[in-house]
Amino acid sequence: MPYPEEAEGFQVDSPDTYTNFNKRFFKLKPFGDYDVDIKIEACGVCGSDLHTISGGWGDQKFPLCVGHEIIGRAIRVGPKVTLIQEGQRVGVGAQSYSCGECKQCKNDNETYCPVLMMDTYGSEWPETGIVSQGGYSSHVRTHEHWVFPIPEQLESNLVAPMLCAGLTAYSPLVRNGAGPGKKVGIVGLGGIGHFGIMFAKALGAETWAISRSRAKEADARKLGADGYIATAEEGWEKDHLCSFDLIINCASSSQGFDLAKYLSLMDVHGRWISVGLPEEDGQIIKAQNLIANGVLIGASHLGSRREMLDMLNLAAEKGLRGWVEELQIGEEGLKEAMVRMKKGDVHYRFTMTGYDKVFA
């Protein structure tokens, strides 16, 4: 049964077969007064997609269609929708609902809602038994609060990864004071990290890339980095002790990670904020590693609607673009994306395109 009762997409059935994508129909949740239906035109490929379907993040509600960096057209809006107009080019990120009434939601912290936090895929809609499905599909149905107008200056295939990876980097930067007069470090030059460098520089901060080797130094400089630190080099931390105001840790792995040396880079009460979610256990944090500079350790999850809109406007104003390779949506294109991401063979994001060729 086609839209509007169902969408058609590519689902994975289990972690054992995570590179096998099956094209099939699945139910959409009942259309609500505040809902927006989007015909999808492009979708970024996030590391979360791979971690989810390969079993790295534990049990999931299979079969599952992933993808949460969605760009498309609003083709239907509910009678009480005021934020989106039919026909607009819009985006949807990794979250599709929160309660809207709690303290957190009312204070632009809706991504931390303790009452009802719905992921764009893999969450069960209350009282329906329907599991939310993502953007490797023909359509998505989302509450208007989590649907964002896309500035006309931003190309769909390049802006798509900003809807998760970009926001994941942007929110902790602005919440922790990145700007003129601040020295900011970005650990891990990957899908999130390359946006971190881009946005930190656009916000006016002195921006440093921190990576294991110097293999990505030229890329970091092109993205706007003022400096570069290679942690495989002997004594890499010594010239930067107690000098960073903020470091955003975007690394996707914690293996071989000497956290004490990283923390020694922080100025007094400087902030170390993690956004990456490695599959393995994290580092041991000793109090002795914290007191020399009173470093503050925290984390960040996605970002608010206000931050998303601000980020998109900043990207449009500054001409910022993700570094993206396009792949054709379909069984083979999605398999290629997952295999290459598993190998780390991505520079620095994939976007699935060609939706009109696959979905009638």
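Remember, it's a predicted structure, so these values are computed and weren't measured experimentally. (Residues numbered from 1 in each chain as written. Predicted model: local features only at pLDDT ≥ 70, side-chain atom pairs only at ≥ 80, totals over all residues. Heavy atoms only, no water.)

*Asks:* Please clarify how the nonpolar core should be interpreted in this entry.
*Replies:* For soluble globular proteins, nonpolar side chains are generally found buried alongside one another. In this structure, Leu 173 and Phe 199 are the most contacted members of the largest nonpolar core, which totals 46 residues. When residues of this core are traced back to their parent elements, those giving at least two are α4 (165–175), β10 (183–187), α5 (191–202), α6 (217–223), β12 (227–230), β13 (244–249) and α8 (305–318). Per element, the largest residue contribution to this core is 7 residues, and it comes from α5. Looking at which domains feed residues into this core, each of domain 1 (4–162 + 303–355) and domain 2 (164–297) gives three or more. Look past the residues within four positions of Phe 199 in its chain and what remains in contact with it is Met 162, Gly 166, Tyr 170, Leu 173, Met 311, Leu 314 and Leu 320. Listed in part, the 39 residues of the second largest apolar core include Val 131, Leu 327, Met 341 and Val 358. (Core = buried A, V, L, I, M, F, W, Y, C linked by side-chain atoms within 4.5 Å. Buried < 20%, exposed > 50% of the residue type's maximum accessible area, 1.4 Å probe, protein only. Helix = DSSP H or I, 4+ residues; strand = E, 2+ residues; numbered from the N terminus. Domains from an automatic or database assignment. Contact = heavy atoms within 4.5 Å.)

*Asks:* Please clarify how α4 should be interpreted in this entry.
*Replies:* Working note: α-helix, 3.6 residues per turn, so residues spaced by three or four point in the same direction. Burial analysis of α4 places 9 of its 11 residues in the buried class, the great majority of the element. Turning to α4, the residues buried within the fold contact β10, α5, β13, β14 (266–274), α8 and β17 (349–353). Backbone geometry just after α4 places Gly 177 at a positive phi near 85°.

*Asks:* Where do I start with the sheet that holds β14 in this structure?
*Replies:* Adjacent strands of a sheet pair through backbone hydrogen bonds, lying either parallel or antiparallel. Here 6 strands make up an open sheet; going across it, the order is β12-β11-β10-β13-β14-β15 and the pairing parallel. Strands with a single pairing partner mark the edges of an open sheet, and in this sheet they are β12 and β15 (296–299). The sheet shows a mean angle of 20° between the axes of neighbouring strands, taken without regard to direction. By the bridge criterion, 5 bridges tie β10 to strand β11 (residues 206–211) in an arrangement that is parallel. (Pairing = 2+ DSSP bridges. Axes fitted to C-alpha atoms, helices over the stretch in contact; angles between N-to-C directions.)

*Asks:* Help me understand the pairing of β17 in this model?
*Replies:* Working note: regular strand, side chains alternate between the two faces of the sheet. The buried count for β17 comes to 5 of 5 residues, which makes it a mostly enclosed element. Of the two faces of β17, the one holding Arg 349, Thr 351 and Thr 353 and the one holding Phe 350 and Met 352 are both buried throughout. Of the pairings in the sheet, the one linking strand β16 (residues 324–328) to β17 comprises 5 bridges and is parallel in character. From the neighbouring strand, Val 324 faces β17, where its bridge partner is Arg 349.

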